[in-house]
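Per-entry structural report
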Amino acid sequence: MGKRGKFISGVVTASTALLLVYFLSESTQLPSPDSCQQTLAAAALAREGGDQNTLVDNALLQQPSCEEDAEASSLR
């Protein structure tokens, strides 16, 4: 096998390895958590006081956009 054949073989091997790693990493990823539920959970678990009040206020402010996103995804 000449230099050209070794080069092509190396490129094919490297490409195959990269594609294998990519597909394995994509297939093992966990779905991203719902940010609306995380916001409400953070507010519920926070210590009482300033942090909890701030997180509850933030969750309430984001609630209308979360409801719009939920309605839009249910229509699809």
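Here the structure is a predicted model, which means the values were calculated and not measured.

1. Considering the overall build of the chain
Check the secondary structure of the chain and you find three helices and zero strands. Secondary structure elements of the chain, listed N to C terminal, follow the sequence α-α-α. By residue count, 9% of the 76 residues in the chain fall in the buried class.

2. A look at the packing of aromatic side chains
Across all of its chains, the model carries one aromatic pair by this definition. With 5.3 Å between their ring centres and 65 degrees between their planes, Y22 and F23 make a pair best called edge-to-face. Of the residues examined, F23 reaches a relative accessible area of 52% and is grouped as exposed.

3. A closer look at a nonpolar patch on the surface
Residues F7, I8, V11 and V12 make up a contiguous nonpolar surface patch of roughly 380 Å² in combined accessible area. Accessibility expressed as a relative area gives 58% for F7, which makes it exposed.

4. Some details on the confidence of the model for the chain
For the chain, the average pLDDT comes to 75, and 62% of its residues sit at 70 or higher. In the model of the chain, helix α3 (residues 50-75) stands out as the element of lowest mean pLDDT, 66, in contrast to helix α1 (residues 3-27), which has the highest, 91.

Rules and cut-offs
Residues numbered from 1 in each chain as written. Predicted model: local features only at pLDDT ≥ 70, side-chain atom pairs only at ≥ 80, totals over all residues. Heavy atoms only, no water. Helix = DSSP H or I, 4+ residues; strand = E, 2+ residues; numbered from the N terminus. Buried < 20%, exposed > 50% of the residue type's maximum accessible area, 1.4 Å probe, protein only. Phe/Tyr/Trp six-rings, centres within 6.5 Å; stacked < 30°, edge-to-face > 60°. Patch = residues over 30% accessible without salt bridge, like charges linked within 9 Å, V, L, I, M, F, W, Y side chains within 5 Å. Areas by Shrake-Rupley, 256 points an atom, 1.4 Å probe, with all protein chains shown as cover. Salt bridge = Lys/Arg side-chain N within 4 Å of Asp/Glu carboxyl O. pLDDT = per-residue confidence, 0-100.

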